[in-house]
Amino acid sequence: MDTPLGTALCTVSTSNQWSVLDAVLKKVNKKLSADHQASAAALLAFMDEIGDEGLKSHGIWRQRVGNTTIVCTNLSYARARRENAAAGRVEGACSCKMAADNSAQRYFGSHDYNGGRHASTQSKHHGSCLLWQPAPSGHLHSWRRGYD
C-alpha cells in the first residue's frame, strides 16, 4: 500500500457501505495526480495483489457479484487496527462492548411482536471495533443480476 494507488485507496471512504468499483475508482482517481490515474483493471489487479486479508487490515472489503465488484471501506476500522497493532493488544477482541446488548435480539426475535420490522443487517459493533463487519450484500439484487 506504499504506492500512490494504495495510499489513495486507503483514504477513500464509502461510509461503511458497499459501492460499485467504478464509484470507488472515481474517488481514488480524484486523490491521484493526473499522471497516476488508474483504470478499473489496474485497481482490481492491485487489490488482487494485496489480497483480501491485506485489504481488510486497511479497512477495505471487496466482493465479486456477477460481473461487478463491490467495495466497502471503513477508515475508523483501519485506524483501530493500526492502534491495536502499535499497542500490542490482542486482535479479535471487542472494543465497543456491543455484543453484550441483547435488547435488539429480543426486539427482533420471532416470539416478540415487532410491528413488521426486520432485524438489522448492519454489524452489531461500532465501526471502530475490530469485530465490525460490512453488511451482507445478498439484498443488492440489481448487482447480482449483472448490473453494469
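If you're wondering where the values come from, they're calculated on a predicted model, not measured in any experiment. Per chain, residue numbering runs from 1 following the sequence as it is written. In keeping with the model being predicted, local features are shown solely for residues with a pLDDT of at least 70 and side-chain atom pairs are shown and tallied solely at 80 or more, while totals for entire chains, interfaces and linings include all residues. The side-chain figures draw on all heavy atoms in the structure; neither hydrogens nor water molecules are used.

Regarding helix H5 (residues 75-87)
Side chains of residues three or four places apart in an α-helix project in the same direction, reflecting 3.6 residues per turn.
Then step 1. A run of H or I in DSSP counts as a helix once it spans at least four residues, and a run of E counts as a strand once it spans at least two, with each numbered from the N terminus. Multiplying 1.5 Å by the helix residue count minus one yields the expected span of that helix. In this model H5 runs 18 Å from its N-terminal to its C-terminal C-alpha over 13 residues, within 8% of the 18 Å that 1.5 Å per residue would give.
Then step 2. Those residues of H5 that are buried are in contact with helix H4 (52-57) and strand E2 (60-65).
Then step 3. Looking at the residues trailing H5, positive phi occurs at Gly-88, about 70°. Whether two residues touch is decided by their heavy atoms; if any such pair falls within 4.5 Å, the residues are in contact.

Looking at the nonpolar core
A general feature of soluble globular proteins is that nonpolar side chains tend to end up buried together.
Then step 1. The set of buried Ala, Val, Leu, Ile, Met, Phe, Trp, Tyr and Cys residues whose side-chain atoms join them within 4.5 Å is what this entry labels a nonpolar core. Partly exposed describes any residue whose relative accessible area lies between the buried limit of under 20% and the exposed limit of over 50%, with all areas from a 1.4 Å probe on protein chains only and scaled to the type maximum. Within the largest apolar cluster, 17 residues are counted, with the highest numbers of intra-cluster contacts made by Leu-5, Leu-9, Val-28, Leu-43, Met-47 and Ile-60.
Then step 2. Listing elements by their share of this core, those giving two or more residues are helix H1 (4-10), helix H2 (21-31) and helix H3 (40-50).
Then step 3. Those residues in contact with Ile-60, other than ones at most four positions away along the chain, are Met-1, Leu-9, Cys-10, Met-47, Leu-55, Val-71, Cys-72 and Thr-73.

Side note on the pattern of salt bridges
Then step 1. Salt bridges are identified by distance alone: a Lys or Arg side-chain nitrogen within 4 Å of an Asp or Glu carboxyl oxygen. Enumeration over the complete set of coordinates arrives at three salt bridges.
Then step 2. A salt bridge links Arg-64 to Asp-48, with the nearest nitrogen and oxygen atoms 3.1 Å apart. Of the two residues, Arg-64 is situated in strand E2 and Asp-48 in helix H3; the sequence distance between them amounts to 16 residues.
Then step 3. Arg-62 is paired through a salt bridge with Asp-52; the nearest N and O atoms lie 2.9 Å apart. Here the residue Arg-62 occupies a position in strand E2, and Asp-52 occupies one in helix H4, the gap between them amounting to ten residues.
Then step 4. On the accessibility criterion, Arg-62 (17% relative accessible area) is buried.
Then step 5. Several salt bridges converge on common partners, so that one network encompasses Asp-48, Asp-52, Arg-62 and Arg-64.

Some thoughts on the pairing of E2
Then step 1. Pairing between strands requires that DSSP locate at least two bridges from one strand to the other. Pairing of E2 with strand E3 (residues 68-73), which is carried by six bridges, proceeds in the antiparallel orientation. By the bridge assignment for E3, Arg-64 is matched with Thr-69.

Some points on the side chain of Asn-29
Then step 1. If you trace the backbone, Asn-29 turns up in helix H2.
Then step 2. Accessibility expressed as a relative area gives 14% for Asn-29, which makes it buried.
Then step 3. Among all residues touching Asn-29, those that are not within four sequence positions of it are Gln-37 and Ala-38.

Let's talk about the packing of aromatic side chains
Then step 1. In this analysis, rings of Phe, Tyr and Trp, with Trp reduced to its six-membered ring, are considered paired at centre separations within 6.5 Å, and the interplanar angle assigns stacked below 30 degrees, edge-to-face beyond 60, and tilted for intermediate values. For the structure shown, the criterion picks out two aromatic pairs.
Then step 2. Taking the centre distance of 5.2 Å and the plane angle of 65° together, the rings of Trp-61 and Trp-132 count as edge-to-face. Placement of the pair is Trp-61 in strand E2 and Trp-132 in the loop between helix H6 (103-108) and helix H7 (141-144), with a sequence separation of 71 residues. Per residue, the accessibility class of Trp-61 equals that of Trp-132, and both read buried.
Then step 3. Put simply, the rings of Trp-61, Tyr-77 and Trp-132 touch in pairs and so form one group of aromatic residues.

Focus: the packing of H2 against H3
What describes two packed helices is the angle between their axes and the distance between those same axes.
Then step 1. Geometry is summarised by axes, namely lines fitted to C-alpha atoms with helices restricted to the contacting stretch, and by angles between N-to-C directions that run from 0 to 180 degrees. Relative to each other, H2 and H3 sit at 95°, their axes nearing to 10 Å. With respect to their mutual orientation, H2 and H3 come out roughly perpendicular. Contacts between H2 and H3 involve Leu-21, Asp-22 and Leu-25 from the former and Ala-40, Leu-43, Leu-44 and Met-47 from the latter.
Then step 2. When grouped by side-chain class, the residues that make up the contact of H2 with H3 number six nonpolar, no polar and one charged. Here roughly perpendicular refers to angles of 65 to 115 degrees, roughly parallel to angles under 35, roughly antiparallel to angles over 145, and oblique to all remaining angles. Throughout, the ten residues Ala, Val, Leu, Ile, Met, Phe, Trp, Tyr, Cys and Pro are labelled nonpolar, Asp, Glu, Lys and Arg are labelled charged, and all others, Gly among them, are labelled polar.

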